[in-house]
Amino acid sequence: MVDAGGRLTAWFRRHRAALAIVRPDRHVFAGGPAHAAASLGRALADALCDPPG
């Protein structure tokens, strides 16, 4: 992936994030520091296994 316009870099800096989980509709499900990768992955798995409503 190339961030030619710098928009991704700016987003990650603004949110102090090192990673982001992006939904297929391009909304951010979660983002955070690298050390939170496992817990963000678990949150995604939980959301996929038990959808609201």
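What counts, and where the lines are drawn
Residues numbered from 1 in each chain as written. Predicted model: local features only at pLDDT ≥ 70, side-chain atom pairs only at ≥ 80, totals over all residues. Heavy atoms only, no water. 1 Å grid on protein atoms, 1.4 Å probe; cavity = no way out; pocket = protein on both sides within 12 Å on 5 of 7 lines; lining within 4 Å. Points joined across faces, edges and corners; volume = space filled by probe spheres on them. Helix = DSSP H or I, 4+ residues; strand = E, 2+ residues; numbered from the N terminus. Nonpolar A, V, L, I, M, F, W, Y, C, P; charged D, E, K, R; others polar. Salt bridge = Lys/Arg side-chain N within 4 Å of Asp/Glu carboxyl O. Buried < 20%, exposed > 50% of the residue type's maximum accessible area, 1.4 Å probe, protein only. Contact = heavy atoms within 4.5 Å.

Caption draft 1: Quick peek at the layout of surface pockets. Here the largest pocket defines a volume of roughly 250 Å³. At six residues, helix α1 (residues 7–14) tops the list of elements feeding residues into the lining of the largest pocket. Here the residues of the lining of the largest pocket sort into eight nonpolar, no polar and four charged.

Caption draft 2: Region of the structure containing the pattern of salt bridges. In this structure the tally under the stated criterion is one salt bridge. Of the charged contacts, one joins D25 and R23 as a salt bridge, the two residues approaching to 2.5 Å between their closest N and O atoms. A residue is classified by how much of its surface remains accessible, and D25, at 42% relative accessible area, is partly exposed.

Caption draft 3: Representation of the environment of G31. Looking at the secondary structure, you find G31 in strand β2 (residues 28–32). Using a relative accessible area of 40% as the deciding quantity, one classes G31 as partly exposed. In sequence terms G31 and R16 are 15 residues apart; their C-alpha atoms lie 8.8 Å from each other. Look past the residues within four positions of G31 in its chain and what remains in contact with it is A17, L19, A20 and L40.

Geometric values such as these leave the question of function open.
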